[in-house]
Amino acid sequence: MPTPDDTSSDSKASESKGSARVDPKLLEILVCPLTKGPLRYDAERSELVSERANLAYPIRDGIPIMLIDEARSLDKGAV
């Protein structure tokens, strides 16, 4: 018989398999470290996108990695 602890660990395990959710309040205050401009949250790719810098910052285990060296360059020609 599952205990409440068992069900919470199952939800944590399933959350870590996919992209973990990011706190919406955190998203409101984060800016691009390069341009200091706004970021767009891309939940499907689990990244924060800076259109001005043409960079996408990864989110790993619910934590945005706001390092320019870790950012992915956006290809303008990609659909």
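Residues numbered from 1 in each chain as written. Predicted model: local features only at pLDDT ≥ 70, side-chain atom pairs only at ≥ 80, totals over all residues. Heavy atoms only, no water.

1. What to know about the overall build of the protein
Part 1: When you go through the protein residue by residue, the secondary structure sums to two helices and five strands.
Part 2: If you list the helices and strands of the protein from N to C, you get α-α-β-β-β-β-β.
Part 3: Burial statistics for the protein: of 79 residues in total, 29% are counted as buried.
Part 4: For the protein, long-range pairs separated by at least 24 residues make up 25% of all intrachain contacts whose partners lie at least 6 apart in sequence.
Part 5: Accessible area for the protein stands at about 5,900 Å²; split by element, carbon and sulfur atoms hold 54% of it. (Helix = DSSP H or I, 4+ residues; strand = E, 2+ residues; numbered from the N terminus. Buried < 20%, exposed > 50% of the residue type's maximum accessible area, 1.4 Å probe, protein only. Contact = heavy atoms within 4.5 Å. Areas by Shrake-Rupley, 256 points an atom, 1.4 Å probe, with all protein chains shown as cover.)

2. So, unusual backbone geometry
Part 1: The phi torsion at Lys36 lies on the positive side, around 65 degrees, for a residue other than glycine.
Part 2: Within the element layout of this structure, Lys36 appears in the loop between α2 (24-29) and β1 (40-42).
Part 3: Phi at Asn54 is positive, roughly 60 degrees, even though this residue is not glycine.
Part 4: Within the secondary structure, Asn54 is located in the loop between β2 (47-50) and β3 (55-60).

3. A closer look at the nonpolar core
Part 1: Among the nonpolar cores identified, the biggest contains ten residues, and these are Val22, Leu30, Cys32, Leu39, Leu48, Ala53, Leu55, Tyr57, Ile59 and Ala71.
Part 2: If you tally residues by element for this core, the top one is β3, at three residues.
Part 3: Sequence-distant contacts of Leu30, defined by excluding residues within four places in its chain, comprise Leu39, Leu48, Pro64 and Met66. (Core = buried A, V, L, I, M, F, W, Y, C linked by side-chain atoms within 4.5 Å.)

4. Describing the pattern of salt bridges
Note that side chains of opposite charge can pair when their charged atoms are close.
Part 1: Counted according to the given criterion, the structure contains four salt bridges.
Part 2: Glu70 is paired through a salt bridge with Arg60; the nearest N and O atoms lie 2.9 Å apart. Of the two residues, Glu70 sits in the loop between β4 (63-64) and β5 (72-73) while Arg60 sits in strand β3, which places them ten residues apart along the sequence.
Part 3: On the accessibility criterion, Glu70 (36% relative accessible area) is partly exposed.
Part 4: Salt bridges here are not isolated pairs; linked through shared partners, they connect Arg45, Glu47 and Arg72. (Salt bridge = Lys/Arg side-chain N within 4 Å of Asp/Glu carboxyl O.)

5. Brief notes about the environment of Leu74
Part 1: Tracing the chain through its elements places Leu74 in the segment after β5.
Part 2: Note: C-alpha distance between Leu74 and Ala53 (21 residues apart in sequence) is 8.9 Å.
Part 3: If near-sequence neighbours (up to four positions away) are discounted, Leu74 is found in contact with Val49, Ser50, Asn54, Leu55 and Ala56.

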